[in-house]
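Structural description and commentary
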Amino acid sequence: MSRTKDLRNCSAEEIRKFLDSFDVILSDCDGVLWHIDSPIENAVEALSKLQSFGKKVYLVTNNGTAGANMICTRLKKSGFEAKDDQVIIPPKVIAWHLKQINFKGQVFAIAMEPFRKVLIDAGIDLLDEKIPYIRPNDVAATVCAVQDLKSVKAVITDFDVNCNWAKLTFAISCLKRKDVLYLAGALDRWVTCGNGSMILGPGPLTDIVTEGSGREPTSCAKPSIILQNYVFDLCNVTNPKRCLFIGDTVNHDMKFGGMCGFQKFFVSTGCDTIVEAQKTEETCPDYYLPNFGQLVPILDGIF
């Protein structure tokens, strides 16, 4: 779709119009600012320059494995000052949603420790991650341990390097009760590394629980209505068109930007290509750069 503007080909006047068209920036992290194992050249500097123009910046990532504080620390090392409330991660959204619906009961979460800590700090009754207890040499006890626990009223799935048969089976057992909420953080199938390779994401693990339980999770990450409601509330969004969403994925970032009515800025340093992003009106970006860091020399050439 020809409406996508490649900022490398824009005049100084067009760049100024681009900058004047938004007040709020919402940027993905992985694949835009850095890969899991390495920074993307000049990308954080580009974000800093936009913030220096008076833009309000939020980081919106599906990666709940690090925690907001660790993301702020990583940004600070690259020269960008961000506060905790500028970082939007799935566990924050889930905790907010559970309070919105006045949830009562215990939660079983397949997630990393930083993710779990956000839930605990929010006052959510989280089942010990070591439950169910498994006795490898006692088959009967093992089968008993993964049976439904009536106190569990919600199951949450996200990325967990320690995910195992016991956790998946226990989650499925609990979800056989239709009154148990089923919420999901990130559903990304793949994550890009700095060397161009991709590693397995959390999506396939959640698929196992979904297939085994016969239930579909309510998504709380990009792209989801719950995240949209959270962002609009936190960022006090009154005019979506004055918001710019920067991302590297089609089905997560561009789709989320489209459903929110935001302007969309695509970079191809992640999993997807600009050609893939332009295939549908919903995901077609308004702006494009191969690398977000390329915005630095463009802005330096004007200001």
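Since the structure is predicted, the reported quantities are computational estimates derived from the model, not experimental observations.

1. Some points on the overall build of the protein
When you go through the protein residue by residue, the secondary structure sums to 12 helices and 16 strands. What you see for the protein is a C-alpha radius of gyration of 20 Å, in line with the 19 Å of a compact globule of 303 residues. Dimensions along the principal axes, computed over C-alpha positions, put the protein at roughly 70 × 40 × 35 Å. Split into buried and exposed, the 303 residues of the protein put 54% on the buried side. Of the contacts made within the protein by residues no fewer than 6 positions apart, 68% connect residues no fewer than 24 positions apart. Summed over all atoms, the accessible surface of the protein reaches about 13,600 Å², with 52% contributed by carbon and sulfur.

2. Observations regarding the sheet that holds strand β6 (residues 87-88)
Read from one edge of the open sheet, seven strands run β1-β16-β15-β14-β2-β5-β6, paired in parallel fashion. Here the strands that pair on one side only, and so sit at the sheet edges, are β1 (5-6) and β6. Of the pairings in the sheet, the one linking β1 to strand β16 (residues 287-289) comprises two bridges and is parallel in character. The residue bridging Asp 6 from the neighbouring strand is Tyr 288, located in β16.

3. Quick word on the UniProt feature "binding site: Mg(2+)" (unreviewed entry) in the protein
Here, UniProt's "binding site: Mg(2+)" (unreviewed entry) annotation points to Asp 28, Asp 30 and Asp 248. Taken along the chain, the residues just named run across 221 residues; in space they keep tight, none of their C-alpha pairs more than 8.3 Å apart. Sequence-distant contacts of Asp 30, that is, excluding residues within four places in its chain, are made with His 35, Ile 36, Thr 61, Asn 63 and Asp 248. With respect to the helices and strands, the residue Asp 248 is situated in the loop between β14 (243-247) and α10 (250-260). Ignoring sequence-local partners within four residues, the contact set of Asp 248 consists of Asp 28, Asp 30, Gly 31, Val 32, Asp 253, Phe 266, Val 267, Gly 270, Cys 271 and Asp 272.

4. Examining the side chain of Asp 158
Its place among the elements puts Asp 158 in the loop between β9 (152-157) and α7 (165-175). Side-chain polar atoms of Asp 158 contact the backbone nitrogen of Ala 186, separated by 2.8 Å.

5. Some remarks on the packing of α7 against helix α8 (residues 203-213)
Two elements in contact, α7 and α8, have axes separated by 9 Å at closest approach and are oriented at 40°. Considering the angle they form, α7 stands oblique to α8. Note that α7 runs across α8; the crossing there is right-handed. Contacts from Leu 168, Ala 171, Ile 172 and Leu 175 in α7 reach Leu 205, Ile 208, Val 209, Gly 212 and Ser 213 in α8. By residue class, the composition of the contact of α7 with α8 is seven nonpolar, two polar and no charged.

6. A few points about the sheet that holds strand β13 (residues 218-219)
The strand order across the open sheet formed by five strands is β8-β7-β9-β10-β13, and the pairing between neighbours is parallel. Edge strands, defined here as strands with exactly one partner in the open sheet, are β8 (125-126) and β13. Pairing between strand β10 (residues 181-184) and β13: two bridges, direction parallel. Among the inter-strand pairings, Leu 183 is bridged to a residue of β13, identified as Thr 218.

7. A look at the pairing of strand β5 (residues 56-60)
With respect to burial, β5 is a largely interior element, four of its five residues being buried. Looking at chain direction, strand β2 (residues 24-27) and β5 are connected through four bridges and run parallel. Each residue of the ladder has a partner; that of Leu 26, found in β5, is Tyr 58. Bridge count for β5 against β6 is two bridges, and the pairing is parallel. Within β6, the position partnered with Val 60 by the bridge is Ile 88. As a crossover connection, the stretch from β5 through helix α3 (residues 68-77) into β6 is right-handed.

8. Here's the deal with the packing of aromatic side chains
Across all of its chains, the model carries 11 aromatic pairs by this definition. Measuring from centroid to centroid gives 6.1 Å for Phe 18 and Phe 265, while their planes differ by 75°, and the two rings are edge-to-face. One end of the pair, Phe 18, is in helix α1 (residues 12-20); the other, Phe 265, is in strand β15 (residues 263-267), and 247 residues separate them in sequence. Neither residue differs from the other here; Phe 18 and Phe 265 are each classed as buried. Here the aromatic rings of Phe 266 and Tyr 288 are separated by 6.3 Å at their centres, their planes lie at 20°, and the arrangement is stacked. Taken together, the residues span a long stretch of sequence, with Phe 266 in strand β15 and Tyr 288 in strand β16 at a distance of 22 residues. With respect to burial, Phe 266 and Tyr 288 carry one shared label: buried.

9. Digging into the packing of helix α4 (residues 90-100) against helix α5 (residues 113-121)
Two numbers describe how α4 lies on α5: the axes approach to 9 Å, and their chain directions differ by 25°. Here α5 runs roughly parallel to α4, going by the angle between their axes. In this structure, the crossing between α4 and α5 has a hand that is right-handed. Counted together, Pro 90, Pro 91, Lys 92, Ile 94 and Ala 95 of α4 and Phe 115, Val 118 and Leu 119 of α5 form the full contact between these two elements. Classifying every residue of the contact of α4 with α5 by side-chain character gives seven nonpolar, no polar and one charged.

What counts, and at which threshold
- Here, residues in each chain are numbered from 1, in the same order as that chain's written sequence.
- In keeping with the predicted nature of the model, local features appear solely for residues at pLDDT of at least 70, side-chain atom pairs appear and are counted solely at 80 or more, and the whole-chain, interface and lining totals rest on all residues.
- Working from all heavy atoms in the structure, the side-chain values ignore hydrogens and water.
- Starting at the N terminus, helices and strands are each numbered in turn, a helix being any DSSP run of H or I of at least four residues and a strand any DSSP run of E of at least two.
- Only C-alpha atoms enter the radius of gyration; for comparison, a globular chain is expected to reach 2.2 Å times N to the power 0.38, where N is the number of residues.
- Per-residue accessibility, obtained with a 1.4 Å probe over protein chains only, is compared with the maximum for each type, and a residue is labelled buried under 20%, exposed over 50%, and partly exposed between these values.
- Contacts are residue-level and defined by heavy atoms, with any inter-residue pair within 4.5 Å sufficient.
- A 1.4 Å probe and the Shrake-Rupley method give the accessible areas. Residues count as covered only by the protein chains that appear here.
- By this definition, two strands are paired if DSSP reports at least two bridges between them.
- UniProt positions are given in the numbering used here, feature names are shortened, and annotations may be inferred rather than shown by experiment.
- Identification of polar contacts relies on pairs of N or O atoms within 3.5 Å, with a donor-acceptor requirement for protein atoms, meaning one able to donate a hydrogen and the other able to accept it, and with residues adjacent in sequence counted only if both atoms are side-chain atoms.
- Under this scheme, a helix contributes an axis fitted over its contacting stretch, all axes are lines through C-alpha atoms, and angles between N-to-C directions fall in the 0 to 180 degree range.
- Angles below 35 degrees are treated as roughly parallel, those above 145 as roughly antiparallel, those between 65 and 115 as roughly perpendicular, and all remaining angles as oblique.
- Each crossing gets its hand from how the near helix is turned against the far one by less than a right angle, where anticlockwise is left-handed and clockwise is right-handed.
- Basically, the charged four are Asp, Glu, Lys and Arg, the nonpolar ten are Ala, Val, Leu, Ile, Met, Phe, Trp, Tyr, Cys and Pro, and anything else, Gly included, counts as polar.
- Crossover handedness is defined by viewing with both strands directed away from the observer: a clockwise path from the first strand over the helix to the second marks the crossover as right-handed.
- Ring pairs are drawn from Phe, Tyr and Trp, using the six-membered ring of Trp, whenever the two centres fall within 6.5 Å, and their geometry is named by plane angle: stacked under 30 degrees, edge-to-face over 60, tilted for the rest.

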